[in-house]
Amino acid sequence: MTAAARGPRAGAPDAKTCKENADMEIVTIEAQARTERGTNAARRLRKSGRLPGIIYGHGETPERVAVSAHDFAAALEHGAHLLELRMGGMPRRVLIKDVQYDHLNARPVHVDFMRVNLDERVAVSVPLELRGTPVGTHEGGVLEQDMVDLEVSCLVTEIPEAIRVSVAEMKLGDILHVRDVPLPPGVTAVSPAEAIVCSVRARKAAEVEVPAAEEPQAPEVIGRKEKTAEDQEEKS
C-alpha cells in the first residue's frame, strides 16, 4: 500500500532541520548505502530500525539506501516533503516521492526518493483540509469528501504543507471542483479541473433517523383493577 507523505500530528517527535532560506526548512537525516536485495534483507533492515529505500531521477543510476525508521517517521509527522540525506559526507537533496506502508497502513516499509534541484518544479500530492461547516448541512444535507489529496505543481522549495479550503458557504446540492480550489501563488493544480473535491448532498432514506414507534398500550378499563403479584399470592 502506498501513500503520499502524511501531515503533521500533535506531539510528533522532533526532526533535525537545516534552514535553506527564511521560508523553508529542509529535514536532514542520515542514510547508508545498502547492497543486499530481496525480501529477507529488507526484513532484517526493518528489524534493526532502518527503512529500505531507493533514490532515482535526473538520469542517474538509482541508489539503494537505508535510513533511520524513527527519523523518517518524524519527518513524515512534520509534513516534510524535501529531505537532505547525509551519505558518506555527500548530502543529497531528495523529494519523498512515494511511501509504502504495511498491511495495516500504519508503518512505512519502503520509501522512494527523487533527486531534485532547489530551483525546479515538481508534481506532488498535498493534503486537502476542508474548513468550516456547510450551511447545507442545516438544510438536511451531508458533506461528502471525494478527494483527500490534491496533486499540484510548484517549486520544490514552495511545496504547501496542506491546501485549506473553506466549505462554510456550500449549500445543499453544491459541488466543489478542483478548478474552484484557491491555490497559493506559484502553485498550479495537476489534478483534472473537473474532478470533484467535495459536495453537499441530500441524505439518503437509510441515513434519515426515523423515531422508533411506540409500543401500543392496552386501553385503560375504568373500574377494573389490575391483579398484582400480591393478589395472586393471597389466593394461592
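As the structure is a computational prediction, the values presented were derived from the model and not from experiment.

Analysis parameters
Residues numbered from 1 in each chain as written. Predicted model: local features only at pLDDT ≥ 70, side-chain atom pairs only at ≥ 80, totals over all residues. Heavy atoms only, no water. Buried < 20%, exposed > 50% of the residue type's maximum accessible area, 1.4 Å probe, protein only. Helix = DSSP H or I, 4+ residues; strand = E, 2+ residues; numbered from the N terminus. Arc of directions from axis to C-beta. Contact = heavy atoms within 4.5 Å. Pairing = 2+ DSSP bridges. Axes fitted to C-alpha atoms, helices over the stretch in contact; angles between N-to-C directions. Salt bridge = Lys/Arg side-chain N within 4 Å of Asp/Glu carboxyl O. Phe/Tyr/Trp six-rings, centres within 6.5 Å; stacked < 30°, edge-to-face > 60°. Polar contact = N/O pair within 3.5 Å; in protein donor to acceptor, adjacent residues only side chain to side chain.

1. Observations concerning helix 1 (residues 39-47)
At step 1: For helix 1, the complete set of buried residues consists of A41, A42 and L45. Projected down its long axis, helix 1 shows its buried positions confined to an angular sector of 100 degrees, all on one face. Exposed and facing more than 90 degrees away from the buried side of helix 1 are T39 and K47.
At step 2: Buried residues belonging to helix 1 abut strand 4 (50-56) and strand 5 (63-68).
At step 3: Backbone geometry just downstream of helix 1 places G49 in the positive-phi region, at approximately 90 degrees.

2. Considerations on the sheet that holds strand 13 (residues 175-177)
The strands that make up a sheet are held in pairs by hydrogen bonds between backbone atoms, and each pair lies either parallel or antiparallel.
At step 1: Strand order in this open sheet of 3 strands is 10-15-13, and the pairing throughout is antiparallel. Bordering the open sheet on either side are strand 10 (141-145) and strand 13, each of which pairs with just one other strand. For this sheet, the mean angle separating the axes of adjacent strands, direction not counted, is 10 degrees.
At step 2: Across 3 bridges, the pairing between strand 13 and strand 15 (residues 196-202) is antiparallel.

3. Considerations on the pattern of salt bridges
At step 1: The final tally for this structure, using the stated rule, is 13 salt bridges.
At step 2: When the shortest N-O distance is used, the salt bridge between D102 and R107 registers 3.9 Å.
At step 3: Look at D102 and you get buried, because its relative accessible area is 15%.
At step 4: For R107, a relative accessible area of 43% puts it in the partly exposed group.
At step 5: Residues R179 and E194 are paired through a salt bridge, measuring 2.7 Å at the closest nitrogen-oxygen approach.

4. Description of the sheet that holds strand 14 (residues 188-189)
At step 1: Read from one edge to the other, the open sheet built from 4 strands follows the order 12-9-11-14, with strand pairing classed as mixed. Edge positions in the sheet fall to strand 12 (163-166) and strand 14, since each of these pairs with one other strand and no more.

5. Describing the packing of aromatic side chains
At step 1: Within the structure shown, the criterion is met by 1 aromatic pair.
At step 2: A centroid spacing of 6.1 Å and a plane angle of 85 degrees characterise the contact between F72 and F113, whose relative ring orientation is edge-to-face. Taken together, the positions of F72 in helix 2 (residues 69-77) and F113 in strand 8 (residues 108-115) put the pair 41 residues apart, joining distant regions of the chain. Comparing F72 with F113, the two get one shared label, buried.

6. Concerning the side chain of H110
At step 1: Topologically, H110 is positioned in strand 8.
At step 2: A distance of 3.4 Å separates the side chain of H110 from the side chain of D112, its partner in a polar contact.

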